[in-house]
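What follows is each chain in one-letter form.
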Amino acid sequence: MSDSLADLREEMRRYQQIVLAYEALDKQIDSLLMAYGGASENMPSAELDRYRALARQRDELQNEMRTLEQILLNDADMGETP
């Protein structure tokens, strides 16, 4: 297996891990929101802080996903698909 193919597979594996982490955080956020009637305005201060921290983490993961998507798409455009 060539190094570029191994690198591409590693990027794909990393992307899949990030997607799973993103989905888990999204589920936590949804559950937290639903516990307070679907609105962050109903949350006590400590839960609102937790909600915001989870949302920041989710945003960071989404940014990583987008970056990796661009890398993977560029690799695919160059004919380096696995």
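Residues numbered from 1 in each chain as written. Predicted model: local features only at pLDDT ≥ 70, side-chain atom pairs only at ≥ 80, totals over all residues. Heavy atoms only, no water.

Novice: Help me understand the environment of Leu-68 in this model?
Specialist: Note that Leu-68 resides in helix α2 (residues 45–77). The sequence separation of Leu-68 and Ile-18 amounts to 50 residues, and the corresponding C-alpha distance is 9.6 Å. Here Leu-68 is in contact with Glu-11, Arg-14, Tyr-15 and Ile-18, once residues within four sequence places are set aside. (Helix = DSSP H or I, 4+ residues; strand = E, 2+ residues; numbered from the N terminus. Contact = heavy atoms within 4.5 Å.)

Novice: For this particular structure, what's the right way to read helix α1 (residues 3–35)?
Specialist: Because each turn of an α-helix spans 3.6 residues, side chains separated by three or four positions end up pointing in the same direction. Spanning 33 residues, α1 covers 48 Å between terminal C-alpha atoms, matching the ideal 48 Å at 1.5 Å per step. For α1, every residue scored as buried is listed here: Leu-8, Ile-18, Val-19, Tyr-22, Leu-25, Ile-29, Leu-32 and Leu-33. Within two residues after α1, Gly-37 carries a phi angle of roughly 70 degrees, on the positive side. (Expected span 1.5 Å × (residues − 1). Buried < 20%, exposed > 50% of the residue type's maximum accessible area, 1.4 Å probe, protein only.)

Novice: In this structure, what is going on with the nonpolar core? I would like to understand it.
Specialist: Formed by 15 residues in total, the largest nonpolar core has its most connected members in Ile-29, Met-43 and Tyr-51. Taken together, the elements giving at least two residues each to this core come down to α1 and α2. In this view, Tyr-51 contacts Ile-29, Leu-32, Leu-33, Ser-40 and Met-43; residues no more than four positions away in its chain are not counted. (Core = buried A, V, L, I, M, F, W, Y, C linked by side-chain atoms within 4.5 Å.)

Novice: Can you walk me through the environment of Ile-71 in this structure?
Specialist: Examined against the element boundaries, Ile-71 turns out to sit in helix α2. Residues Ile-71 and Glu-11 lie 60 residues apart in sequence; the distance between their C-alpha atoms is 8.4 Å.

Novice: What is the right way to read the environment of Leu-61 from this model?
Specialist: Tracing the backbone through its elements, the reader meets Leu-61 in helix α2. The exposure class assigned to Leu-61 is buried, which follows from its relative accessible area of 14%. Residues Leu-61 and Leu-20 lie 41 residues apart in sequence; the distance between their C-alpha atoms is 9.9 Å. Setting aside chain neighbours within four positions, we find Leu-61 in contact with Ile-18, Ala-21, Tyr-22 and Leu-25.

Novice: What should I look at first to understand the pattern of salt bridges in this one?
Specialist: Opposite charge on two side chains makes pairing possible when the charged atoms of those side chains draw close. For the coordinates displayed, the defined rule picks out 4 salt bridges. When the shortest N-O distance is used, the salt bridge between Glu-10 and Arg-13 registers 2.3 Å. One end of the pair, Glu-10, and the other, Arg-13, are both in helix α1, 3 residues apart, so they sit about a helical turn from each other. Given a relative accessible area of 36%, Arg-13 falls into the partly exposed group. Linking Arg-14 and Glu-64 is a salt bridge whose minimum nitrogen-to-oxygen distance equals 3.6 Å. Placement of Arg-14 in helix α1 and of Glu-64 in helix α2 is noted, with a sequence separation of 50 residues between them. For Arg-14, a relative accessible area of 39% puts it in the partly exposed group. (Salt bridge = Lys/Arg side-chain N within 4 Å of Asp/Glu carboxyl O.)

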